[in-house]
Each structure stands twice: as C-alpha cells, then as structure tokens.
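Results of the structural survey
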Amino acid sequence: MRFVETFKNIWKIEELRTRILWTVGLCAVYRLGCSIILPGIPASVLESNSPSDGLLALLDMFSGGAFSNASIFALGIMPYISASIVIQLLTMVVPAIQKVARDGESGHNKINQWTRQLTVLILIFQSWAYLSSFSSQHPGLVDMTFWFKASSIVILTAGSMFVMWLGERITDKGIGNGISFLIMIGIIARLPQALGVELGNCQNGAGGLVMFLLEIFFLLVVISLSIMLVQGTRKVPVQYAKQIRSVGGRPAQFGGVRQYIPLKVNAAGVMPIIFAQAIMFVPMMFAGYTSSNDGFFSAFTRPDSFAYNCVIAFLIIVFTYFYTAITMNPVQMSEAMKSQNGFIPGVKPGKATADFLDTIMTRITLPGSIFLAIVAILPSIARVFGVSVQFAQFFGGTSLLILVGVVLDTLQQIESHLMMHHYDGLMESGKIKGRTGSVAAY
C-alpha cells in the first residue's frame, strides 16, 4: 500500500523521524499539564464547570478542556495570540513600531520581547478574571483568600508561558508551527468525547446509526469545502524584464521569467471570526445585568438564535474586508514589483498596478468572506438539525479552519522533507499547498 510505503520513507529520514518524536513528546507533556488541577480546587466541583456556548466554550475547546478543568494550563496559548494580534495591529498603524520591525533581526527580537511582556500583562488580568468567575460559579466551595488568588495567578501565568515555550520548542525541533499545533491538539482532544456524545444522541433519538453516519458524511463535505477555502488563490502573472550584466568579463542575461503573485481568497484567515465572536461577547455581558429574558441583549446570549447568527455573519464579512485591507497593501506590492523590474502584462507599473491588484483583492474577498461567514454559522445550523453541542462545534467556525490549516501546513513540511531526500510525495496528483503562517499571524 502507498500509505505504508510512505510511512516507511518518513521513518527512514533521521531528521524527520527525530522531529516527529520531539513533537509527540512535547505534545504529551502539554496534555499531561492540562490534567493537573490548580492547588486548592477540589476535583468534585469541576464536573459541571464546562461551558457549552459562547466565547468561553471556544476557549475551552482551544485549551483541550483545561479551561473547564481549572488546570495549570487553563488559559492556554490564547493570551499570547491576543498579544501577538495587538502588536501586529500596532505595527501597521504606529510608525515608530514599523521602524523597529524593519530593523532586521534586532527589530524582530525586540518585537518578540514586547509581545511576551504584553502576554504577561494579559495573563495577570485574565487569571484574576478566571478565578473571580470560578468563585462566582462555585460560591463557598473554594476559599478565595488573597494568598490563594495570588499563588493561583502566578501558577496560571507560569503555566501559559510554559505552554508558549513548548510551542516554540515544537517550531524549532519538531514539525509544523508549534503554537498552531498545540491549539490543534487541544481541539482534537475533545473529538472522541464529542463523537461518543453524538453517537449516544443518535441512538436515543430518530435515525440511529444511519443518522450518525450521515452526519459524518456531511462533516467530511464541510472539511473538503474548508480545504478549498484555505487553499483558494488567484494567481496574478508577473513578468520580469531581461537584464544584461557582466559576469567574469562576459555578458550574461538575467530575468525575463514569468512568475505569479498568489492572492488568497481568504487572506484574513480565522481572524474575522475571532474578532466577531469577541464583539458578540459584549451584548452577552449586558444581558447578564438585565432581569428579563426577552430583552434586546438577551437575543444575543443564544448562539443558535437567528439574530445572533445574522449579526455575526455580517460582522465576519466586514472584518474580512478590514483585515485584508490592513494585511495586503497593493501600493507596497506594486512598489516592490517595480523595484525588481517586474510588471503585470497589460498593466502600467505604479498606480495602475496598485489599482489593478486592489480591484482583484476586492472581487475575490467578497466570495471568500461570504463563505467564511457560512462556515462560522454552520455549528448553529447543525444544532438546528439535532446535532449535539459538542459535536456541532466541529462542523465549522474557528476550530475547523484551524484544524484544516494546521494539518495542511504539517503535511506540507513532511512532504518537503520527503522530496528533499528524493522520495515520493504524499499526493500523487501534486504537491500539498499549505496555509503559510501561524494562527497568531492571522
């Protein structure tokens, strides 16, 4: 079988084998830490602590259940991702930070240092908020003294920084992007439980095993469509002018080749969904202060409601255009192309090229944003058809896009090692196209 032969080839390459073993070992350490409960919190109070909806359920899925288990890794890697996003946005709008980012390796190190410092500040605030929320949910069961909160904040902060260190070690010595890989491991860790709950749900309801198999089929279709969304690109041809240079006293010709600029259909990645979900968490907070369950804000406390899904779909489309506009700069692309004596056939260099690229990005972003909004609300649609809450989260949203993107990136790196050592790739039809970039870079 081709799969067995490919696995043997992977195992023959010493460097690739070592990287895979490093990745498996570090992921095992991460999962072990997710099961260690904070000192002073009894395990008996954690059975009903799992959030089922909203942003808290998303955080719990990203942490592989560590959030609901009050683990030392409860806050996971999300504070680091939040800090990375803030620094990335500041780099785009603050000229002083832009100048630091262009200073090569020293500037890159300084940006990383600022990101880590901001991560610590976010962790301290989120640790305090996490403990306060836990205390309000379980009043009297945990003695929330000053020393308990102080020590728990230190443990939660150190735990998340250790998770960040594990991610960096996976990137350096393992396979794939470490930060994204740990998020994927946390999401996959919830899949067996979700499958068990959904199988029991189907057996107790109508349809039985046939309905369960039908749901698996539709899940595979959604995954295939998500792969198309992640890999979808619009190739813009670029022609580079021929240049004659003297090499060793003899004239030599350089350039004259045609290349392509791959403009992604979904250049914003999962960031529009994350931004939209964060904003939708605001009316949930206001609804908590109202006594009526039929008010305006209470309509947004139910992620399966029509109003919630309409608003979040609209926000995702808006944020897709916004994030694409700040990450893809047609003017800079045009200037870089012009400095390298490149041009798009039939388009004048300079402003005309920038306008041409901007028009293409606007056109391909519309279907990409609409499809991204559909993927985001698919879990709510699945729940309408009777799918359990745990299993419905795998039908779309941030978790599915992260899973697809990380798996494609990891397979692309494995294939690169195979091709480098003159082995066949993973696919007979051609090379695997990855997502390029980490979750934190979306």
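From a predicted model like this one, the values you see are computed outputs, not experimental measurements.

Turning our attention to the overall build of the protein. A count of helical and extended segments in the protein gives 16 helices and five strands. Long-range pairs, those at least 24 residues apart, make up 70% of the contacts in the protein with a sequence separation of at least 6. Total accessible area on the protein stands at roughly 23,000 Å², and carbon and sulfur atoms take up 65% of it.

The next point concerns the nonpolar core. In terms of nonpolar packing, the biggest core is built from 70 residues, with Tyr30, Ile77, Tyr130 and Ile316 touching the most fellow members. Not counting residues within four places of it along the chain, the set of residues in contact with Ile77 comprises Val163, Met164, Ile179 and Ile183.

Our focus in this paragraph is the side chain of Ser71. When you line up the elements, Ser71 lands in the loop between α3 (54–62) and α4 (78–93). There is a polar contact of 2.8 Å between the side chain of Ser71 and the backbone oxygen of Gly33.

As a further point, take the packing of aromatic side chains. Two descriptors summarise a pair of aromatic rings, namely the distance from one centre to the other and the angle between the planes of the rings. Applying the stated criterion across every chain, the model contains six aromatic pairs. Between the aromatic rings of Phe73 and Phe162, the centroid separation amounts to 6.0 Å while the plane-to-plane angle is 25°, which identifies the pairing as stacked. In this pair, Phe73 sits in the loop between α3 and α4 while Phe162 sits in helix α7 (residues 146–173), placing the two residues 89 residues apart along the sequence. Judged by its relative accessible area of 4%, Phe73 is buried. For the pair Phe391 and Phe395, a centre-to-centre distance of 5.4 Å together with 90° between the ring planes defines the contact as edge-to-face.

This brings us to the packing of helix α8 (residues 178–189) against helix α16 (residues 397–420). The N-to-C vectors of α8 and α16 enclose an angle of 125°; their axes lie 9 Å apart at closest approach. As summarised for this structure, α8 and α16 are arranged oblique, according to the angle between their axes. α8 and α16 meet at a crossing whose hand is left-handed. For the pair α8 and α16, contact is made by Ser180, Phe181, Ile183, Met184, Ile187 and Ile188 and by Ser399, Ile402, Leu403, Val406, Val407 and Thr410, respectively. Residue composition of the contact of α8 with α16, by class: nine nonpolar, three polar and no charged.

For the structure shown, the criterion picks out four salt bridges. For the salt bridge of Glu168 with Arg116, the shortest nitrogen-to-oxygen distance reads 2.3 Å. With Glu168 in helix α7 and Arg116 in helix α6 (residues 104–137), this residue pair connects regions lying 52 residues apart in the sequence. The salt bridge partner of Asp355 is Lys351, with a shortest N-O separation of 2.9 Å. Here the residue Asp355 and the residue Lys351 both occupy positions in helix α14 (residues 351–384), the gap between them amounting to four residues, near one helical turn. With relative accessibility at 38%, the residue Asp355 sits in the partly exposed group.

Here the focus is the confidence of the model for the protein. On average, residues of the protein carry a pLDDT of 78, and 79% of them reach 70 or more. Predicted confidence in the protein is weakest over strand β3 (residues 250–254), with a mean pLDDT of 55, and strongest over α7, with 89. Here residues 436–442 is modelled with pLDDT under 50, and outside its nearest four sequence neighbours on either side it reaches 21 contacts, counting other chains as well.

With that settled, the discussion passes to a nonpolar patch on the surface. A surface patch of nonpolar side chains, amounting to about 630 Å² of accessible area, comprises Met211, Leu214, Phe217, Phe218, Val221, Leu225 and Met228. As for its placement among the helices and strands, Met228 is situated in helix α10 (residues 209–231). By relative accessible area, which is 57% here, Met228 ends up exposed.

The end-to-end C-alpha distance of α6, which contains 34 residues, comes to 48 Å, matching closely the 50 Å that a straight helix rising 1.5 Å per residue would cover. Within α6, the full set of buried residues consists of Gly107, Ile111, Thr115, Thr119, Ile122, Leu123, Ser127, Tyr130, Leu131 and Phe134. The elements touched by buried residues of α6 are α4, α5 (95–101) and α7.

Their axes nearest at 8 Å, the elements α4 and α6 cross at an angle of 130°. Taken together, α4 and α6 sit at an angle that is classed as oblique. With respect to the hand of their crossing, α4 and α6 are arranged in right-handed fashion. Contacts from Pro79, Tyr80, Ser82, Ala83, Ser84, Val86 and Ile87 of α4 reach α6 at Ile111, Trp114, Thr115, Leu118, Thr119, Ile122, Leu123 and Gln126. When the residues that make up the contact of α4 with α6 are grouped by side-chain class, the tally is 10 nonpolar, five polar and no charged.

Turning our attention to α10. Between its first and last C-alpha atoms α10 spans 33 Å; for 23 residues at 1.5 Å apiece the expected length is 33 Å, and the two agree. Within α10, the full set of buried residues consists of Phe212, Glu215, Leu219, Val222, Ser226, Leu229, Val230 and Gln231.

Summarising the element assignment, Thr91 is placed in helix α4. Of the residues examined, Thr91 reaches a relative accessible area of 18% and is grouped as buried. From its side chain, Thr91 meets the backbone oxygen of Ile87 in a polar contact 2.7 Å long. Beyond its immediate stretch of four places on either side in the chain, Thr91 contacts Ile97, Gln98 and Ala101.

Calculation notes
Residues numbered from 1 in each chain as written. Predicted model: local features only at pLDDT ≥ 70, side-chain atom pairs only at ≥ 80, totals over all residues. Heavy atoms only, no water. Helix = DSSP H or I, 4+ residues; strand = E, 2+ residues; numbered from the N terminus. Contact = heavy atoms within 4.5 Å. Areas by Shrake-Rupley, 256 points an atom, 1.4 Å probe, with all protein chains shown as cover. Core = buried A, V, L, I, M, F, W, Y, C linked by side-chain atoms within 4.5 Å. Buried < 20%, exposed > 50% of the residue type's maximum accessible area, 1.4 Å probe, protein only. Polar contact = N/O pair within 3.5 Å; in protein donor to acceptor, adjacent residues only side chain to side chain. Phe/Tyr/Trp six-rings, centres within 6.5 Å; stacked < 30°, edge-to-face > 60°. Axes fitted to C-alpha atoms, helices over the stretch in contact; angles between N-to-C directions. Parallel < 35°, antiparallel > 145°, perpendicular 65-115°, else oblique. Left-handed = near helix turned anticlockwise from the far one by under 90°. Nonpolar A, V, L, I, M, F, W, Y, C, P; charged D, E, K, R; others polar. Salt bridge = Lys/Arg side-chain N within 4 Å of Asp/Glu carboxyl O. pLDDT = per-residue confidence, 0-100. Patch = residues over 30% accessible without salt bridge, like charges linked within 9 Å, V, L, I, M, F, W, Y side chains within 5 Å. Expected span 1.5 Å × (residues − 1).

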